[in-house]
Amino acid sequence: AAARAMGAVSETPGGWMLDPCLVRQATPRQDAGRPLRPRGADGPCWLVRTTPVDLGPEGFAAVILVSDVTETLEREERAHRRSRLENLGRVVAEIAHQIRNPLGGIELFASMLTEDLADRPREREIAEQILVTVRSLSGTVSHLLSTVRGGRTMRRRADLAPLVEEVVASLAPIAEARGLELETSLPAAAIVAELDPEGVRQAMLNLVANAIDASPPGATVRIMLRLETDTVVMTVEDEGPGVPERERSRIFEPFYSTRDDGTGLGLAVVERVALAHGGMVTVGSSPLGGACFTLKLPVQPPGCGDDRTAGPHREGDEA
């Protein structure tokens, strides 16, 4: 039953058949265990151990023990990522400190300028725009610092569609200047979730900006939002060069970038936001030809809602 559940064996008209990748493991040598991904990088991971059985003149047979270690490896990877993000927090704390002081000065001067231009409406409006922008940037720096240092996530009920629209609108001038089209696919019904809107906005801003940077002139960047049972799924696709499979395991590491001018911080922040919500972010290939980043967040904080019983395929199943 366990072998059928994990796909190690399948029933055919001629009888039970081993998965082809297991057939290749049947050798006359003892093998203490090696990981295999029979369905590719995005599929399950099996630990395969082989014990040969000498049949004398008839040759040999092999006893193959297969353990599903997918969840174990995912837990180890999450722990490794959290460690990397702790290091990121220390670096960003220093960066934030260096940025906050000049921002405070700009805010003070913009405020004074606004008062001095009381009798010049047009110039006063420009000064007020500077003041609003600086205050917004100051808030972003504070939230970024809180996020990467593991600060408390300030959750509230929020509709995700307007949030995505706000992100797209803020980046539309940049996309237009580069000859790109921002295509959105949003549900007709509201998707309301218990989350940190500012953190999610920052994550989506980074993902869309990253897609814009990677896209050639005339390309399309597609932003999609949908609800899958109790999970909000936000997807950003582009027509850029994509992320090679060999680099996907490192793409969320702080300071790791596939671009010469990249800082390697944007995607690390996205992952930190995802983990803070009990969610995840993944990268794959887009139908458009480039990269596809998928951010998944639970509608409710972890631990809320009804307990769900695990299905028949559980961690540690062996065949």
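The structure presented is a predicted model; accordingly, all values stated were derived computationally and were not measured. (Residues numbered from 1 in each chain as written. Predicted model: local features only at pLDDT ≥ 70, side-chain atom pairs only at ≥ 80, totals over all residues. Heavy atoms only, no water.)

Draft legend 1. Region of the structure containing the overall build of the chain. Scanning the chain from terminus to terminus reveals eight helices and twelve strands. For the chain, the residues scored as buried account for 38% of the 319 residues in total. (Helix = DSSP H or I, 4+ residues; strand = E, 2+ residues; numbered from the N terminus. Buried < 20%, exposed > 50% of the residue type's maximum accessible area, 1.4 Å probe, protein only.)

Draft legend 2. Structural context of helix H5 (residues 160-177). For H5, built from 18 residues, the straight-helix expectation of 26 Å at 1.5 Å per residue is met to within 8% by its first-to-last C-alpha distance of 27 Å. For H5, the principal kink sits at Leu171 and spans about 45°; a proline, Pro173, occurs within the next four residues. For H5, the set of buried residues is Leu160, Ala161, Leu163, Val164, Val167, Val168, Leu171 and Ala175. In this structure, the buried side of H5 is in contact with strand E6 (156-159), strand E7 (181-185), strand E8 (192-195), helix H6 (197-214), strand E9 (220-228) and strand E10 (231-237). Measuring from the backbone nitrogen of Ala161 back to the side-chain oxygen at the start of H5 gives 3.3 Å, which picks out Asp159 as the cap. (Expected span 1.5 Å × (residues − 1). Bend = angle between axes of the 7 residues up to and from the residue. Contact = heavy atoms within 4.5 Å. Polar contact = N/O pair within 3.5 Å; in protein donor to acceptor, adjacent residues only side chain to side chain.)

Draft legend 3. H6, seen in detail. With 18 residues, H6 extends 26 Å from end C-alpha to end C-alpha; this agrees with the ideal 26 Å at 1.5 Å per step. Burial within H6 is extensive, with 13 of its 18 residues counted as buried.

Draft legend 4. Broad picture of the pattern of salt bridges. Summed over all chains, the structure comprises nine salt bridges. The closest approach of N and O atoms between Arg122 and Glu125, which form a salt bridge, is 3.6 Å. Residue Arg122 and its partner Glu125 are located together in helix H4 (residues 121-148), separated by three residues, close to a single helical turn. Judged by its relative accessible area of 52%, Arg122 is exposed. Close ionic contact of Arg201 with Glu198 constitutes a salt bridge, the shortest N to O distance being 2.8 Å. Of this pair, Arg201 and Glu198 both sit in helix H6, three residues apart, which is roughly one turn of the helix. Classification of Glu198 by relative accessible area gives partly exposed; the value is 26%. Overlapping salt bridges, with partners in common, bring together Glu183, Arg222 and Glu237 in one network. (Salt bridge = Lys/Arg side-chain N within 4 Å of Asp/Glu carboxyl O.)

Draft legend 5. How the structure looks around a nonpolar patch on the surface. A cluster of nonpolar side chains, Val53, Leu55 and Val63, forms an exposed patch at the surface whose accessible area comes to about 220 Å². Structurally, the position occupied by Val63 is in strand E5 (residues 60-68). (Patch = residues over 30% accessible without salt bridge, like charges linked within 9 Å, V, L, I, M, F, W, Y side chains within 5 Å. Areas by Shrake-Rupley, 256 points an atom, 1.4 Å probe, with all protein chains shown as cover.)

Draft legend 6. Structural context of the nonpolar core. Within the largest apolar cluster, 44 residues are counted, with the highest numbers of intra-cluster contacts made by Met204, Met234 and Leu295. For this core, the secondary-structure elements that each account for two or more residues are H5, E8, H6, E9, E10, helix H8 (266-276), strand E11 (280-285) and strand E12 (291-298). Setting aside residues up to four positions removed in sequence, Leu295 forms contacts with Ala203, Met204, Leu207, Val232, Val233, Met234, Val270, Ala274, Met280 and Val281. Residues Ala3, Ala8, Cys21 and Val66 belong to the second largest nonpolar core, which totals ten residues. (Core = buried A, V, L, I, M, F, W, Y, C linked by side-chain atoms within 4.5 Å.)

Draft legend 7. Layout of the packing of H6 against H8. In the contact formed by H6 and H8, the axes pass within 9 Å of each other and the chain directions differ by 145°. Between H6 and H8 lies a crossing whose hand is left-handed. For the pair H6 and H8, the contacting residues are Gly199, Val200, Gln202, Ala203, Asn206, Leu207 and Asn210 in the first and Gly266, Leu267, Val269, Val270 and Val273 in the second. Class assignment of the residues belonging to the contact of H6 with H8 gives a composition of seven nonpolar, five polar and no charged. (Axes fitted to C-alpha atoms, helices over the stretch in contact; angles between N-to-C directions. Left-handed = near helix turned anticlockwise from the far one by under 90°. Nonpolar A, V, L, I, M, F, W, Y, C, P; charged D, E, K, R; others polar.)

Draft legend 8. Representation of the packing of aromatic side chains. In this structure the tally under the stated criterion is one aromatic pair. Ring geometry for Phe252 versus Phe293: centroids 6.2 Å apart, planes at 90°, classification edge-to-face. Of this pair, Phe252 sits in the loop between helix H7 (245-248) and H8 while Phe293 is found in strand E12, placing the two residues 41 residues apart along the sequence. The class of Phe293 is buried, set by a relative accessible area of 3%. (Phe/Tyr/Trp six-rings, centres within 6.5 Å; stacked < 30°, edge-to-face > 60°.)

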